[in-house]
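# Coordinate analysis (summary)
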Amino acid sequence: LSILLSLLVSAHATRSPDCGGVLTPSGLSYFAEISKPHAEAVLRQDLMAPTAPNVFYSSTNRNQIDSVTVAELTLTLIPDTGLRLSIDVDLGVTPAPSTTKVMRLSILSDLHVEMNPEGNLEMVASGCKTSMEEMQSTEEVERSVSHKSSSSSVDKEINVDKICLEVTKLLLLPNERLMSLTAQFPITPSCQVQYLPLAVPMFSEQGISISLQTIFQVVGMAIPLPVSPVPFRMPEPASSSPSHLTLAFSEHFYSSLFFALEMAGAFNMTIPVSRTSKDPEITPPVWQMGSLFQEDLPVMLQAVFRSSPRVVLEESKAALKLFLAVHVGAETPAFQSFLSMNVDMTAELLLSVADTRMMISAAGIEETELSLATSDVGPVPAALLEELFSPTIREKVPAQMNAVLSEGVFLPHISSFTYTDVNVMIHKDYVLVPCNLKLQVRPE
């Protein structure tokens, strides 16, 4: 299998998106909100450290920072460019014994996203600006008078390089999480999925859009996928979506998933056949196998795909089309087939999301068509095939496929976040998944 895959990979490799997502302004606001504690922890650790370079240039009076509080942190979309980070930090400063000042440090920095040589996205800060103003002192508190001092003289004392270095440090954790977007996730022990960004995200007033290409690996090797007849384009984001994020998946994405699992052999099935029948007169012909085998052996079905499964998406409905070759034979040490048939099935496909996984299951068989391919027991009428094997195939084939898919398929996501308030919306040719983000707090 690995040799075949290596030949296929070298013969066919394409780069085209089959899924993606849009982070809305609402989602961006959520990221800003949950970033405040992290920003405060980083700033407090660095600015209050005894050995840290002073935030102030004053050499005659080294100010001691006793407290750091992030009053506000915002992220603003800059269309076609990136983001603007704004942080207001209240510093408790002790310039002399028994004297305390509250200084408001304001940091403004532009953020843009680059793709590094490894193919990972990372945020980079530029155009960092700072300002400082005195908000309150102990003397003013005693007089119950509050005022803001002129910031021009205070600004000149700020160590801008020191402050802007802190912005770079603030991006370390987000960039670490961004790297997790391209991680490999298991589907089965021999099949993995990976989502790769094809370019840096696009920034607009509607949000941040990213197009992804799905890579499926079988026994550790990326497999070439069938070419989509229609290139996938991210649907236009809603002008005012209440959700934090909208994921989008093409019809081709789902067909590729089933193709990969087929290549991995995950859907090769062996199914025992019941000897019961509604009509006792029908059963004997196929079970009379004494002329073929010396003893009465259990009859089994072996099902393999004669053509790759195909997913069809219509408005509010998903269907899975299966094209099987089913061999009927005896359970001997080496399976011996005495009859083969072609089976075409169409099943309803159910889609839902649990945490960061899409749950996929086949249900409600809508169509089944059986036709004889080869036979060592003479002609077998279509009605007899239908009566003997259709109930078993209709029940067991979806059940075994669902067992393979029972753990779900990981969606594109970054570490430490899960999806909540999820809605799966099936449209013609694509699926939208509006959802909210939730930071998972690590146990102490």
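These figures come from a predicted structure and were not determined experimentally. (Residues numbered from 1 in each chain as written. Predicted model: local features only at pLDDT ≥ 70, side-chain atom pairs only at ≥ 80, totals over all residues. Heavy atoms only, no water.)

The next thing to look at is the overall build of the protein. Within the protein, the regular secondary structure consists of nine helices and 20 strands. In the protein, which comprises 444 residues, the share counted as buried stands at 46%. Considering only contacts in the protein between residues 6 or more positions apart, those separated by 24 or more positions represent 65%. (Helix = DSSP H or I, 4+ residues; strand = E, 2+ residues; numbered from the N terminus. Buried < 20%, exposed > 50% of the residue type's maximum accessible area, 1.4 Å probe, protein only. Contact = heavy atoms within 4.5 Å.)

This part covers the sheet that holds strand β15 (residues 336-354). Backbone hydrogen bonds are what pair the strands of a sheet, in a parallel or an antiparallel way. The six strands are arranged β12-β13-β14-β15-β16-β17 in an open sheet whose pairing can be described as antiparallel. Both outer strands of the open sheet, β12 (269-272) and β17 (409-410), are each paired with one neighbouring strand and no more. Helix α7 (residues 251-263) contacts β13 (299-314), β14 (317-330), β15, β16 (357-375) and β17 of the sheet and is inclined by roughly 160° relative to β13. Sitting on the sheet, helix α9 (residues 382-404) touches β12, β13, β14, β15 and β16, and the angle it makes with β16 is about 150°. (Pairing = 2+ DSSP bridges. Axes fitted to C-alpha atoms, helices over the stretch in contact; angles between N-to-C directions.)

Let's shift gears to the state of the cysteines. Tallied over the entire structure, the rule returns one disulfide. In this model, C128 is linked to C164 through a disulfide, with the two sulfur atoms separated by 2.1 Å. What sets the handedness of the C128 and C164 disulfide is the S-S torsion sign, and at about -90° it is left-handed. One end of the pair, C128, is in strand β5 (residues 121-137); the other, C164, is in helix α5 (residues 160-170), with 36 residues separating them in the sequence. Taking the relative accessible area as the measure of exposure, C128 reaches 24% and is therefore partly exposed. In this structure C164 comes out as buried when scored by relative accessible area, which is 18%. (Disulfide = S-S within 2.5 Å.)

Using the criterion set out here, one finds eight aromatic pairs in the structure. Centroid distance F249 to F253: 5.0 Å. Interplanar angle 45°. Geometry classified as tilted. The exposure class assigned to F249 is buried, which follows from its relative accessible area of 0%. Through a chain of ring-to-ring contacts, three or more aromatic side chains come together here, namely Y195, F249, F253 and Y254. (Phe/Tyr/Trp six-rings, centres within 6.5 Å; stacked < 30°, edge-to-face > 60°.)

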